[in-house]
Structures are given as structure tokens and as C-alpha cells.
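# Examination of the molecular architecture
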Amino acid sequence: SCTYELPQGIYPLLDTPAAEDFTFDSEGYLVTVNVDHALVKTSYQGETTTLATGITGGKRNGGDVSRGNRFLLDGDLVVADSTHHRLLRVSLDGGQETILADVPVPNGIVVGMDGLVYVTCMRGEVRRVNPDTGDYTVLAAADQTFDGIALGLDDRILFVGDEDSGELFRIDLD
């Protein structure tokens, strides 16, 4: 639990620190990977349920946690494991499989309406990945520290942020 004082109106939800990213399931629960390597879902009241254990990812406060994570169209979760340079598929019963290895520090993730995964790599790439086959296309390669990522409303434009410069880039997908 938190040992520092938060401003009024801000309340911690998780007893165990979590990843830098999170998503929501179809029931509205916050879903993330915590520093104990557990995939957890948390209600708005802070009640946490462990869904799977043994999930790995990037470093945060001395622990391995995931960076980006989003739900795939089939209900599994795709997780950016920056420690092992891969994208993982994690089922809610705890099963894990590597979607794609040798990803240069995967970070932000977004899933398109067509089910394809878009991932920023902190070593200067943006990739589009088929989560079923692991096939990918490099959409951008630059001397950037790509971080945040979002799709436009019609999935035709990808927006990517650079962690170091604060710049925002647009990638046309048509």
C-alpha cells in the first residue's frame, strides 16, 4: 500500500505496484501485470483477483513488469515483455506463448479493429504484428525512443509519441 500522501481525490487501487500500462476487460475491471509477475484484475473499489502468474516484462522499481498490454479480439492479452524483447500472448487461465521474439524493447501496444497489433519499440521502430502468425511489418524506423501509441477512430492513422523529445508522429496506414 502507498506510504506517501496523495492529493485529495486521488486514491491508489493496487496494493502491489503495477506496470506502467494497463487496460480494461469487458466487465470494466482494470487489468495489468504487477511486480510479482501476476496478471491481475482490479475493481474500482480496489479488490484484486489474480488471473495468471509468471508473467515477465520490463523493470519498474526493481521488479520485472510488463510495459504495454491490450486485449486481443479473441479475449487473450498481448503483453510487451521488454526484458526478454518479445510480445507475449497471455490467456486468462495463465497460458503464455511468444507471439514474436527479438523485438527491440517493445513498449506501447494498441490493437486494431482488424485484430492486428501495433507496437512501439523504444529502440526506434513501430511494428504491425499479426498475433496469430507472428508476421510483422516495420512501419517506421528512426532514431527515436517510441513510446505512446494510439489509432485514429477509423484505424487509418497511427499516432506515436517519442519519450525523449515529446514529439508526436503520424503514420498513415492506407
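Keep in mind that this is a model prediction, so the values were computed, not measured. Think of each chain on its own: its residues are numbered from 1, step by step along the sequence as written. Note on the predicted model: pLDDT of at least 70 is required for a residue's local features to be given, and 80 or more for side-chain atom pairs to be given and counted; whole-chain, interface and lining totals, by contrast, use all residues. Neither water nor hydrogens contribute to the side-chain values; these are computed over all heavy atoms in the structure.

## Some thoughts on the overall build of the chain
The helix and strand tally for the chain stands at 0 helices and 17 strands. Out of the 174 residues belonging to the chain, those deemed buried represent 47%. Residue contacts are counted whenever heavy atoms from the two residues lie within 4.5 Å of one another. Long-range pairs, those at least 24 residues apart, make up 35% of the contacts in the chain with a sequence separation of at least 6. What counts as a helix is a DSSP run of H or I of at least four residues, what counts as a strand is a run of E of at least two, and both are numbered from the N terminus. Each residue's exposure class comes from its accessible area (1.4 Å probe, protein chains only) as a fraction of the maximum for that residue type: buried when under 20%, exposed when over 50%, partly exposed otherwise.

## Brief notes about the nonpolar core
In this structure, Val 78, Leu 87, Ile 99, Ile 109, Val 117 and Val 129 are the most contacted members of the largest nonpolar core, which totals 13 residues. Counting residues per element, the ones that place at least two in this core are strand E8 (77-81), strand E10 (96-100), strand E11 (106-111) and strand E12 (117-121). Looking at this core element by element, the count peaks at 3 residues for E12. Those residues within four positions of Val 78 in sequence are excluded, and the remaining contacts are Gly 68, Asn 69, Arg 70, Leu 72, Leu 87, Leu 88, Ile 99, Ile 109, Val 111 and Val 117. As used here, the term nonpolar core means buried Ala, Val, Leu, Ile, Met, Phe, Trp, Tyr and Cys residues forming a set that is joined through side-chain atoms within 4.5 Å. In this structure, Tyr 118, Val 126, Phe 146 and Leu 173 belong to the second largest nonpolar core, which totals 11 residues.

## Overview of the sheet that holds E8
Strand order in the open sheet formed by 4 strands is E7-E8-E9-E10, and the pairing between neighbours is antiparallel. In this open sheet, the two edge strands, each paired with only one partner strand, are strand E7 (69-71) and E10. With direction set aside, neighbouring strand axes in the sheet form an average angle of 30°. At least two bridges found by DSSP between two strands are what make those strands a pair. Relative to strand E9 (residues 86-90), E8 is paired through 5 bridges, and the arrangement is antiparallel. Residue pairing across strands places Asp 81 opposite Arg 86, the latter belonging to E9. To obtain each axis, a line is fitted to C-alpha atoms, and for helices this fit is confined to the stretch in contact; angles are then taken between N-to-C directions over 0 to 180 degrees.

## Some remarks on the environment of Leu 100
Inspection of the secondary structure puts Leu 100 in strand E10. On the basis of relative accessibility, which here comes to 9%, the residue Leu 100 falls in the buried class. With 29 residues separating them in the primary sequence, Leu 100 and Val 129 have C-alpha atoms 8.2 Å apart. Once you skip the residues sitting within four places of it in the chain, Leu 100 turns out to touch His 85, Arg 86, Leu 87, Arg 127, Val 129, Gly 134 and Tyr 136.

## Things to note about the pattern of salt bridges
Any carboxyl oxygen of Asp or Glu that lies within 4 Å of a side-chain nitrogen of Lys or Arg is treated as forming a salt bridge with it. Inspection of the entire model under this criterion finds 10 salt bridges. A salt bridge links Arg 89 to Asp 76, with the nearest nitrogen and oxygen atoms 3.3 Å apart. Here Arg 89 is found in strand E9, whereas its partner Asp 76 is found in the loop between E7 and E8, with 13 residues between them in sequence. Asp 76 shares its class with Arg 89; the two are buried. The partner of Arg 86 in a salt bridge is Asp 81, and the shortest N-O contact between them spans 2.8 Å. Assessed through its relative accessible area of 21%, Arg 86 is described here as partly exposed.

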